[in-house]
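Residue-level listing of the chains:
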Amino acid sequence: MRVQHRHIIYIQGYDPRGLAQYYRMFRTELRKFARLYGIAATTTRPQAADSGEIASWTIETKADDWQTRTDYDFLRFEDFIQRDLAQPIWRIVLHAVWIYWRLIVRGTAYRFFAANWRFATFITWPHLILLAEAAGCAAIAFGVEWGLHQLGLPHLLGAAAAVAIFVAMLGTVLKYTENRTYVLYLLSDTIWTWQFSHRQRPEWDERIDRFAQHLVKTASSSDADEIVLVGHSSGSFLGVEILARALKLDASLGRHGPRIVLLTIGGNFPIVGFHAASQDFRNHMRQLAVEPSIDWIDCQARKDVMNFFQLDPLAAHGIDAGPTRRNPTIVPVRFREIILPEHYN
């Protein structure tokens with residue numbers, strides 16, 4: 001089927017950069033795409049909805065024998081993410097470490113390693129960096145405490161000074177190395193996915209409900225040939241949630257109007273679905289797996305360490321959809337085959 005009018009609804013991952021930077025990146029990559037495939041492509045400027053939660057623009061692409069108009073909606077969560085990253089450093093560190101040890105005790109971390117060791121290593125890496133930085137700061141603080149003791153300062157005062165130096169040094173190191181290590185960002189991501197999995201972030205659920213309503217409204221009013229709900233990285237499980245909740249609002253969503261497609265790219269479903277508390281999410285995946293009126297395409301790439309490559313999202317979660325399963329269609333992607341060599345790395 002040749003698509004003349006497409007409506008894309010894009011769900012970002014855990015990315016604090018926001019609309020302005022995303023749109024600049026989008027425009028740059030659109031130009032690269034046009035040059036690579038020899039087509040003409042233009043885009044309008046973003047227009048924000050009254051709520052500020054959605055920004056939209058339009059793309060026109062054409063070649064000698066076809067032309068497609070794409071309406072593009074960017075669903076925004078960066079205000080929540082920026083708020084997470086603005087938390088005090090000590091709170092982020094203590095909360096993330098507490099969560100990571102709970103992942104180990106409950107066996108969830110082991111399941112991550114069994115499903116994809118590269119992803120599990122990636123989420124463990126910030127804790128290793130944190131441990132190394134803490135060890136270095138502790139060594140310096142211990143040296144100061146020893147020196148103060150040699151000068152005759154009472155042991156209790158020396159120990160208090162050492163603790164104060166350790167805390168101050170570790171906070172400073174974390175703050176001023178963040179642009180190179182991304183430790184605080186990754187720890188905040190761990191906190192968020194844990195809280196989201198355990199339904200401890202009602203503001204996220206409320207906005208997801210509004211985005212589900214937006215999808216239903218778009219499907220009923222758009223003259224597009226298809227609506228593609230695109231979820232990238234953490235946006236993959238958010239996309240599952242949005243589409244499942246939209247189907248709850250309108251069970252015939254994919255049976256009237258435009259074709260409905262869920263496209264997940266670089267998905268990391270287990271980071272939510274492996275938690276015992278995430279039964280609702282697993283139910284939503286099973287619902288989409290057997291829903292005949294929608295298509296779900298899951299693109300996976302070995303190059304993406306944040307992706308569970310070669311993982312069946314259903315089987316990994318112990319979901320048996322039976323003979324009526326029709327989703328997702330898993331598509332392996334090799335980036336070197338679709339972009340220029342100079343842009344590969």
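This structure is a prediction, so every number in the text was calculated from the model and none was measured.

Of the consecutive residues N327 and P328, the connecting peptide bond is found in the cis state with omega at -10 degrees. Mapped onto the fold, P328 is located in the loop between helix 13 (313–316) and strand 9 (329–332). The residue Y182 is not glycine, and still its phi comes out positive at about 60 degrees. In this fold, Y182 is placed in the loop between helix 7 (178–181) and helix 8 (183–197).

Another aspect to go through is a nonpolar patch on the surface. On the surface, a nonpolar cluster with roughly 550 Å² of combined accessible area is contributed by F33, L36, Y37, F335, I338, I339 and L340. With respect to the helices and strands, the residue Y37 is situated in helix 1 (residues 18–37). On the accessibility criterion, Y37 (46% relative accessible area) is partly exposed.

Scanning all chains against the criterion turns up 26 aromatic pairs. Judged by centre distance (6.2 Å) and plane angle (25 degrees), the ring pair of Y10 and Y72 falls under stacked. Linking Y10 in strand 1 (residues 5–11) with Y72 in strand 5 (residues 67–75), this pair joins segments that are 62 residues apart in sequence. Comparing Y10 with Y72, the two get one shared label, buried. Ring pairing ties together the aromatic residues Y14, F77, F80, Y185, W192, F196, W204, F211 and F237, which thus form one cluster. Residue placement shows R111 over the ring face of F274; its charged tip is 3.9 Å from the ring centre. The ring centre of F196 lies 5.0 Å from the NZ or CZ of R199, which sits over that ring.

Looking now at helix 4 (residues 108–115). Buried within helix 4 are the following residues: T108, A109 and F112. Looking down the long axis of helix 4, one finds its buried residues gathered within 105 degrees of arc, a one-sided arrangement. Exposed side of helix 4, more than 90 degrees from the buried face: Y110 and A114 are the residues found there.

Time to look at the confidence of the model for the protein. Chain-level statistics for the protein give a pLDDT mean of 94 and a share of 99% at 70 or above. At the level of individual helices and strands, the protein shows its lowest average pLDDT in helix 6 (residues 155–176), which scores 91, and its highest in strand 1, which scores 98.

For the rest of this paragraph, the subject is the environment of L156. Mapped onto the elements, L156 comes out in helix 6. Measuring from C-alpha to C-alpha, the distance between L156 and E145 comes to 9.7 Å, with 11 residues separating the pair along the chain.

In terms of burial, strand 1 is a largely internal element, six of the seven residues being buried. Note: strand 1 against strand 5, seven bridges, orientation parallel. Directly across from I9, in strand 5, lies its bridge partner D73. Sheet topology places strand 1 next to strand 6 (residues 226–232); six bridges connect them, and they run parallel. Across the sheet, residue I8 finds its bridge partner in strand 6, namely V228.

Rules of the game
For every chain, the first residue of the written sequence is number 1, and numbering continues from 1 along that sequence. Only residues with pLDDT of at least 70 get local features here, since the model is predicted, and only at 80 or more are side-chain atom pairs given and counted; chain-wide, interface and lining totals rely on the full set of residues. For side-chain calculations, the full set of non-hydrogen atoms in the structure is used, while hydrogens and water are omitted. Note on conventions: DSSP H or I runs of at least 4 residues are helices, E runs of at least 2 residues are strands, and numbering of each starts at the N terminus. Each patch groups residues whose relative accessible area exceeds 30% and which form no salt bridge, using 9 Å between like charges and 5 Å between nonpolar side chains of Val, Leu, Ile, Met, Phe, Trp and Tyr. Each accessible area value is a Shrake-Rupley result obtained with a 1.4 Å probe; residue values ignore everything except the protein chains displayed when judging cover. The rule for a salt bridge is simple: a side-chain nitrogen of Lys or Arg has to be within 4 Å of a carboxyl oxygen of Asp or Glu. Between buried and exposed lies partly exposed: a residue is buried under 20% and exposed over 50% of the maximum accessible area for its type, with that area taken using a 1.4 Å probe on protein chains only. Pairing of aromatic rings covers Phe, Tyr and Trp, the last through its six-membered ring, and needs centres within 6.5 Å; plane angles under 30 degrees mean stacked, over 60 mean edge-to-face, and all others mean tilted. Two conditions define a charge sitting above a ring: the NZ of Lys or the CZ of Arg must be within 6 Å of the ring centre, and it must be within 35 degrees of the ring normal. Regarding the arc, it is the one traced by the directions from the helix axis to the C-beta atoms. A residue's pLDDT is simply how confident the predictor is in it, with values from 0 to 100. Strands qualify as paired when DSSP identifies two bridges or more between them.

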